[in-house]
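Given next are the chains, with one letter for each unit.
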Amino acid sequence: MADISRRDLGKLVAGAGAGAFAATGFGTFAIAQGVSAGRVVVIGGGAGGASAARALKIGAPKLEVTLLEPNRIYSSSFFSNLYLGGFRSYASLNHNYDGLRRLGVRVVHQRANSVDTAKKTVRTSGGQTLPYDKLVVSPGIAIKYDSIPGYSEAVSNGRAPHAYLTQGGTAAPWRW
Ligand SMILES: Cc1cc2nc3c(=O)[nH]c(=O)nc-3n(C[C@H](O)[C@H](O)[C@H](O)COP(=O)(O)OP(=O)(O)OC[C@H]3O[C@@H](n4cnc5c(N)ncnc54)[C@H](O)[C@@H]3O)c2cc1C
């Protein structure tokens, strides 16, 4: 099979909508199918990371793609308006990772705790050290509760809820 060129990979990533590729230069990266497998670690199994993992595995099946995502269920924020409007069930917003596994993506339900870019390794919450050739970082956003005086996670759970973080498949999807 043909190698994936830099242009092809660019198309894959653009199609995947990945938030950030932590490293560039895939053109020189030995992901040539049949030459070297290559190891990609993807941090975050949301829309961005999961799409990137999927596109990479489909585009280069011999790549070793490992997806790190602590939650077993991803609840999409998109389409939440349809749920709130009564047009979709909440269950329809929940997605597991079986499809990616079937493609051959190794899904590890742990959090990435740190990245050593010199050694090219990711340390997981379960104590694993995952080596990578290329790293995709797509962890979404986090809220800095203390950036607004008087605001806190406790306040967000009560008086002033926000709608930015879904809850990974639990019964209460959004804090509003
Ligand atoms: C209420 C709401 C409604 C929206 N509606 C729409 C819409 O209608 N259309 C639209 O296009 N967009 C919509 N969006 C925006 C859309 O949801 C985001 O753009 C999209 O989810 C971003 O994808 P992402 O993969 O970057 O991040 P996320 O979807 O947030 O995924 C990030 C993933 O990374 C994981 N993660 C975080 N830290 C780590 C770590 N250290 N290690 C491993 N994994 C980690 C998280 O568990 C999470 O699963 C909406 C957003 C919200 C909040």
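All values reported here derive from a predicted model rather than from experimental measurement. (Residues numbered from 1 in each chain as written. Predicted model: local features only at pLDDT ≥ 70, side-chain atom pairs only at ≥ 80, totals over all residues. Heavy atoms only, no water.)

Student: How should the overall build of the protein be read in this particular structure?
Tutor: Scanning the protein from N- to C-terminus turns up 5 helices and 9 strands. Along the protein, helices (α) and strands (β) appear in the sequence α-β-α-β-β-α-β-α-β-β-β-β-β-α when read from the amino end. By the burial criterion, 36% of the 176 residues in the protein qualify as buried. In the protein, the proportion of contacts linking residues at least 24 apart, taken out of those at least 6 apart, comes to 55%. For the protein, the exposed surface amounts to about 9,900 Å²; the carbon and sulfur share of it is 54%. (Helix = DSSP H or I, 4+ residues; strand = E, 2+ residues; numbered from the N terminus. Buried < 20%, exposed > 50% of the residue type's maximum accessible area, 1.4 Å probe, protein only. Contact = heavy atoms within 4.5 Å. Areas by Shrake-Rupley, 256 points an atom, 1.4 Å probe, with all protein chains shown as cover.)

Student: For this particular structure, what's the right way to read the sheet that holds strand β6 (residues 112-116)?
Tutor: Backbone-to-backbone hydrogen bonds pair the strands of a sheet. The strands run either parallel or antiparallel. Ordered by their spatial adjacency, 3 strands build an open sheet running β6-β7-β8, and the pairing between neighbours is antiparallel. The outermost strands of the open sheet, each flanked by one partner alone, are β6 and β8 (129-131). The mean inter-strand angle of the sheet, taken between neighbouring strand axes irrespective of direction, is 25 degrees. By the bridge criterion, 3 bridges tie strand β7 (residues 121-124) to β8 in an arrangement that is antiparallel. From the neighbouring strand, T121 faces β8, where its bridge partner is P131. (Pairing = 2+ DSSP bridges. Axes fitted to C-alpha atoms, helices over the stretch in contact; angles between N-to-C directions.)

Student: Any chance you could explain the site of the ligand here in plain terms?
Tutor: Looking at the ligand, there are 22 residues lining it, with G48, E69, Y74, A112 and A163 nearest. At 2.4 Å from an oxygen atom of the ligand is found a side-chain nitrogen or oxygen belonging to Y74. Taking R111, its side chain carries an N or O atom lying 3.5 Å from a nitrogen atom of the ligand. Notes on the ligand: free accessible area 1,000 Å², of which the protein chains cover 62%. (Near = heavy atom within 4 Å. Polar contact = N/O pair within 3.5 Å; in protein donor to acceptor, adjacent residues only side chain to side chain.)

Student: In this structure, what is going on with unusual backbone geometry? I would like to understand it.
Tutor: Glycine aside, residues mostly have negative phi angles, and peptide bonds mostly take the trans form. Phi angles above zero are rare outside glycine, and F79 is one such case at about 80 degrees. Take F79: it is sitting in the loop between β3 (74-75) and α3 (80-84). Positive phi, close to 60 degrees, is recorded for K120, a residue that is not glycine. Structurally, K120 can be placed in the loop between β6 and β7. Given a relative accessible area of 35%, K120 falls into the partly exposed group.

Student: Any chance you could explain the packing of aromatic side chains here in plain terms?
Tutor: The description of an aromatic ring pair uses the distance of the two centres, along with the angle that the planes make with each other. Tallied over the full model, the rule gives 3 aromatic pairs. For the pair F78 and F79, a centre-to-centre distance of 6.0 Å together with 80 degrees between the ring planes defines the contact as edge-to-face. Its relative accessible area of 41% is what places F79 among the partly exposed residues. Here Y83 and Y90 contribute two aromatic rings whose centre-to-centre distance is 5.5 Å and whose plane-to-plane angle is 55 degrees, an arrangement assigned as tilted. By relative accessible area, which is 28% here, Y83 ends up partly exposed. (Phe/Tyr/Trp six-rings, centres within 6.5 Å; stacked < 30°, edge-to-face > 60°.)

Student: Looking at this model, I keep getting lost on the side chain of K57. Mind explaining?
Tutor: With respect to the helices and strands, K57 occurs in helix α2 (residues 47-59). Of the buried charged residues, K57 lacks a salt bridge, with E64 as the closest side chain of opposite charge at 8.1 Å. At 2.7 Å, the side chain of K57 and the backbone oxygen of P61 are in polar contact. If we ignore the near neighbours within four places in the chain, the residues touching K57 are K62, L63, V65, L103, G104 and V105. (Lys, Arg positive; Asp, Glu negative; His and termini not counted. Salt bridge = Lys/Arg side-chain N within 4 Å of Asp/Glu carboxyl O.)

Spatial relationships are all this shows, so hold off on functional conclusions.
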